[in-house]
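Structural overview for review
So the chains spell out like this:
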Amino acid sequence: MSPEPRPVAWVVGAGGLVGRHVAGELRRTGYEVMTRTVPWTDEQAAVDALVRGAADLRRLAAGRPWALAWCAGAGVVATGEQELSAELRVFAQVLGLLETRLPDASAGVVFLASSAGGVYAGSSGPPFTELSEPVALVPYGRTKLAMERAVERLGRRAGVRVVVGRLANVYGPGQRLGKPQGLLSQLCLADATQRPLPVYVSLDTIRDYLYVVDLARMVVRCLRLARAEPPGAVVTKVLASGRPVTVGHLVAEARRVFHRPLRTMDVPGGAGQVLDLRLASTRWPEVDTDARTPLAAGLAATAADVRARVVRGAALDG
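Residues numbered from 1 in each chain as written. Predicted model: local features only at pLDDT ≥ 70, side-chain atom pairs only at ≥ 80, totals over all residues. Heavy atoms only, no water.

With that out of the way, let us pick up the nonpolar core. Generally speaking, a soluble globular protein has its nonpolar side chains buried in company with each other. Counting 45 residues, the largest nonpolar core has Val11, Val22, Leu26, Phe111 and Leu239 as the members making the most contacts within it. For this core, the secondary-structure elements that each account for two or more residues are strand 1 (8-12), helix 1 (17-28), strand 3 (66-70), strand 4 (108-115), helix 4 (116-119), strand 5 (161-167), helix 7 (212-226) and strand 10 (234-239). Top element by residues in this core is helix 7. It accounts for 9 residues. Sequence-distant contacts of Leu239, defined by excluding residues within four places in its chain, comprise Phe111, Gly165, Arg166, Leu167, Ala168, Leu210, Leu215, Met218, Val219, Cys222 and Val287. (Core = buried A, V, L, I, M, F, W, Y, C linked by side-chain atoms within 4.5 Å. Buried < 20%, exposed > 50% of the residue type's maximum accessible area, 1.4 Å probe, protein only. Helix = DSSP H or I, 4+ residues; strand = E, 2+ residues; numbered from the N terminus. Contact = heavy atoms within 4.5 Å.)

See the structure below:
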């Protein structure tokens, strides 16, 4: 019996925090990984680059298992509707073109990195699971839901298996510190620069923080499990640590890990932010065992990365 051919994966958004770690985990587990530079600021150029990438994937994946992991996305909770509309147009247009350009659908899986915080912001009855009704409050969440619906349509029409990953608050080494998101990384930046940390939400706000290395393992396991699903199946999976903490606890833990005081500064704002976003999962429980990095360990690793970037003057570069 001949061994199964080496699988190939295309990671869209491999320059970002999630995409970079997913690409690394795919390589570690035996995938041939392709990445492409995409000029996201030019809609048509971005579409053209993504279509060329799809052609490359089809060529490389001939007769092999394949995966497409969409980990791109410049938007955050506070991003305006106009910018998000452009991102959604590119995504929808590319998916429409991919229907006839994907490799053998029966051999592939498409993964979409969505946002649990975005889609459950207006939902009731935490902890939120795959069975919870998603209710978005701001354009960011509505965009994520629209992307989910678009990739689900692709799965049904093309017969490709789809995994929609609703991600918790992802953190870890390499996060773009100039982006207005990532409280944990901003904690580390405040410590490294000895500046007050602006806090836009109540210290009682509850969030789930997922270390990006754990997330990457979870995504790759989802891809493997999805291959056992029937063609055209769509699986929604909440990807979270399952260990929710308050912002106040996070700040206290940071002070303990840093071994020195950390000043905070209350700032009015926090539009679209709700008090309780606890998360849990009812699907593929074996995936959840990969969320094993303790908060203190992840915080320490992120702090070391941020301090190194501050020392070399690259803290806000990405």
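Further remarks concern the packing of aromatic side chains. Overall, the coordinates contain 4 aromatic pairs when judged by the stated rule. Consider the rings of Tyr171 and Tyr211, whose centres lie 5.4 Å apart with planes at 50°: the pair is tilted. Note that Tyr171 is positioned in strand 6 (residues 169-171) and Tyr211 in strand 9 (residues 209-211), a separation of 40 residues in sequence. Taking relative accessible area as the criterion, Tyr171 reaches 2% and is therefore assigned buried. (Phe/Tyr/Trp six-rings, centres within 6.5 Å; stacked < 30°, edge-to-face > 60°.)

All right, on to the pairing of strand 5 then. Most of strand 5 sits out of view: 7 of its 7 residues are buried. Burial along strand 5 is two-sided: the residues Arg161, Val163, Gly165 and Leu167 and Val162, Val164 and Arg166 are all buried. Here 7 bridges tie strand 4 to strand 5, and the two strands are oriented parallel to one another. Bridge pairing in strand 5 places Leu112 opposite Val164. (Pairing = 2+ DSSP bridges.)

Take unusual backbone geometry next. Omega for the bond connecting Pro126 with Pro127 falls within 30 degrees of zero, at 5°, which places this linkage in the cis form. Take Pro127: it is sitting in the loop between helix 4 and helix 5 (139-158). Even without being a glycine, Gln194 presents a positive backbone phi close to 60°. One can find Gln194 in the loop between helix 6 (183-193) and strand 7 (197-199). Not every positive phi belongs to a glycine, and His259 is a case in point at roughly 60°. Turning to its location among the elements, His259 is positioned in the loop between helix 8 (247-258) and strand 12 (264-266).

The next point concerns helix 2 (residues 43-60). Here helix 2 is 18 residues long and its end C-alpha atoms lie 26 Å apart, about the 26 Å a rise of 1.5 Å per residue gives. For helix 2, the set of buried residues is Ala46, Val47, Ala49, Leu50, Val51, Gly53, Ala54, Leu57 and Leu60. Looking at the buried side of helix 2, the elements it contacts are strand 1, strand 2 (32-34), strand 3 and helix 3 (81-98). Among the residues of helix 2, the N-terminal cap falls to Asp42, whose side-chain oxygen and the backbone nitrogen of Gln44 are separated by 3.3 Å. (Expected span 1.5 Å × (residues − 1). Polar contact = N/O pair within 3.5 Å; in protein donor to acceptor, adjacent residues only side chain to side chain.)

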